[in-house]
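# Coordinate inspection notes
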Amino acid sequence: MGITRLALSLAAPAPRIEDFDRFLFVGPHPDDIEIGAGATACKLARQGKKVSFLICLDGRYGLDYAPPGTTSEQLVEIRKAEAIASAHALGVEDVHFLGLCDGGFYEEEELRRGIAAVIGQTRPQIVFAPDPDVDSECHTDHRAVGEAVRRLAFFAPFDEIMARLGAESAPVDAVAFYMTARPNRYVETRAYLQRQTDALFSCHKSQFPAGSEAEKSIRLYLKLRAVDFGLRRLCGRAEGFRVLGRTQMHCLSEAGL
């Protein structure tokens, strides 16, 4: 670790997720929040924190495991209902949808304005999104949503900037990236892993039919990831995030290492 990065970590450490009270989890598609941060969202909601979900895209092209004969238009409605049921299973009642077309068929400005509007409505202190800087991520939607949230996180408290996006300002103090290769904060989730997998596999059946290879592989992945992150935090089971507070969001390149 370089001297500057060490000094930064000591003088201005990344915020602790559980110190906040209001949270917005932004997912590209139905099921992404549950995979990336479902146990954490459940834990926060069960603690009485204010937790909101925003699902940006309609998931119409996730037809691989949908019932035979399902059209993309029908799948949109199926996945919306699955997302609501899954959020409720995690203890989250406040669920928002932008309804933009899956597969990158939207304008980036449209996506950014939609997310900004929900940030203004829910007024989170910390916003979660997929990490847009994962080298192996090839899905346009994941990168676009993560990048939109990154661009909004710093400017969210500025009234005039948010007004130009057609949104209210919000007291965002941090951004937390899930599905990241560089976590710097961990949330102990041992007691919430079963709720995460129950919500994911009992509700998102169009994507993870019982006994399918998709279900088996994601179930194993979540188990191994929880063990890996738990060992890093010495707590048994955990989820990991790359967290940037307002100090780390601007100019300090070492904060992104």
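Before any of the text, the structure's been laid out above.
Here goes a summary of the coordinates provided. None of the values given here were measured: they were computed from a predicted structure.

Quick notes on the rules
- Residues numbered from 1 in each chain as written.
- Predicted model: local features only at pLDDT ≥ 70, side-chain atom pairs only at ≥ 80, totals over all residues.
- Heavy atoms only, no water.
- 1 Å grid on protein atoms, 1.4 Å probe; cavity = no way out; pocket = protein on both sides within 12 Å on 5 of 7 lines; lining within 4 Å.
- Points joined across faces, edges and corners; volume = space filled by probe spheres on them.
- Helix = DSSP H or I, 4+ residues; strand = E, 2+ residues; numbered from the N terminus.
- Nonpolar A, V, L, I, M, F, W, Y, C, P; charged D, E, K, R; others polar.
- Buried < 20%, exposed > 50% of the residue type's maximum accessible area, 1.4 Å probe, protein only.
- Pairing = 2+ DSSP bridges.
- Right-handed = clockwise from strand over helix to strand, strands pointing away.
- Phe/Tyr/Trp six-rings, centres within 6.5 Å; stacked < 30°, edge-to-face > 60°.
- Contact = heavy atoms within 4.5 Å.
- Expected span 1.5 Å × (residues − 1).
- Arc of directions from axis to C-beta.
- Axes fitted to C-alpha atoms, helices over the stretch in contact; angles between N-to-C directions.
- Salt bridge = Lys/Arg side-chain N within 4 Å of Asp/Glu carboxyl O.

## Quick word on the layout of surface pockets
In this approach, a probe sized like a water molecule rolls over the atoms, and the result shows the empty space that is left. Considering only enclosed or pocket space, the largest pocket measures out at about 410 Å³ in volume. For the largest pocket, the lining is made up of 20 residues, of which His29, Asp31, Asp32, His139 and His142 are closest to its centre. Elements represented by at least two residues in the lining of the largest pocket include exactly helix H2 (32-46) and helix H8 (213-233). In terms of residue class, the lining of the largest pocket is made up of nine nonpolar, five polar and six charged.

## Some words on the pairing of strand E1 (residues 22-27)
Most of E1 sits inside the fold, with five of its six residues counted as buried. Where E1 meets strand E2 (residues 50-57), six bridges bridge the pair, whose relative direction is parallel. Looking at E2, one finds that Arg22 is bridged to Lys50. Between E1 and its parallel partner E2, the chain crosses via H2, and the hand of that crossover is right-handed. In this structure, E1 lies alongside strand E4 (residues 126-130), joined through three bridges in parallel fashion. Paired with Leu24 across the strands is Val127, a residue of E4.

## Digging into the packing of aromatic side chains
This structure, assessed with the given rule, holds ten aromatic pairs. Both rings, one in Phe23 and one in Phe128, keep their centres 6.4 Å apart while their planes meet at 40 degrees; by these two values the pair is tilted. Highlighted residues: Phe23 in strand E1 and Phe128 in strand E4, separated in sequence by 105 residues. Judged by relative accessible area, Phe128 falls into the buried class, the value being 0%. Geometrically, the ring pair formed by Phe154 and Phe158 is tilted, given 6.0 Å between the ring centres and 35 degrees between the ring planes.

## Here we look at helix H7 (residues 193-203)
Taken residue by residue, H7 has Leu193, Gln196, Thr197, Ala199, Leu200, Phe201 and Cys203 as its buried positions. Looking at the buried side of H7, the elements it contacts are H2, helix H3 (72-90), H8 and strand E7 (238-245).

## What about H3?
Here H3 is 19 residues long and its end C-alpha atoms lie 27 Å apart, about the 27 Å a rise of 1.5 Å per residue gives. Along H3, the residues classified as buried are Leu75, Val76, Arg79, Glu82, Ala83, Ser86, Ala87 and Leu90. What you see down the axis of H3 is that its buried residues fit within an arc of 135 degrees, all on one side. Next to the buried residues of H3 lie H2, E2, strand E3 (94-100) and H7. Two residues or fewer after H3 comes Gly91, characterised by a positive phi angle close to 95 degrees.

## Observations regarding empty space enclosed by the protein
Per the stated rule, a full pass over the model turns up one cavity of 30 Å³ or more. Looking at the largest cavity, its volume works out to about 30 Å³. Considering the residues around the largest cavity, the lining is formed by His29, Pro30, Asp31, Asp32, Ile33, Glu34, Phe53, Ile55 and Ala83. Of all the elements in the fold, those that place two or more residues in the lining of the largest cavity are H2 and E2. When residues in the lining of the largest cavity are grouped by element, the largest group, three residues, is from H2.

## Focus: the side chain of His204
Note on placement: His204 falls in the loop between H7 and H8. Dropping the residues within four chain positions of it, His204 is found in contact with Pro30, Asp31, Glu34, Glu82, Ala83, Ser86 and Ala199.

## Thoughts on the sheet that holds E1
Ordered by their spatial adjacency, seven strands build an open sheet running E3-E2-E1-E4-E5-E7-E6, and the pairing between neighbours is mixed. The strands lining the two open edges of the sheet, one partner per strand, are E3 and strand E6 (185-188). Here the average twist between neighbouring strands, direction ignored, is 25 degrees. Note: E4 against strand E5 (residues 174-178), five bridges, orientation parallel. For Ile126, the partnering residue across the bridge sits in E5 and is Ala174. Here H8 sits on the sheet in contact with E6 and E7, set at roughly 65 degrees to E7.

## Quick look at the pattern of salt bridges
Evaluated as defined, the whole model comprises 18 salt bridges. Between Glu109 and Arg112 there is a salt bridge, with its nearest N and O atoms 2.9 Å apart. Taken together, the positions of Glu109 and Arg112, both in helix H4 (residues 108-122) and three residues apart, correspond to about one turn of that helix. Since its relative accessible area comes to 16%, Arg112 is described here as buried. Here the salt bridges do not stand alone but share partners, grouping Asp131, Asp133, Glu147, Arg150, Arg182 and Arg242 into one network.

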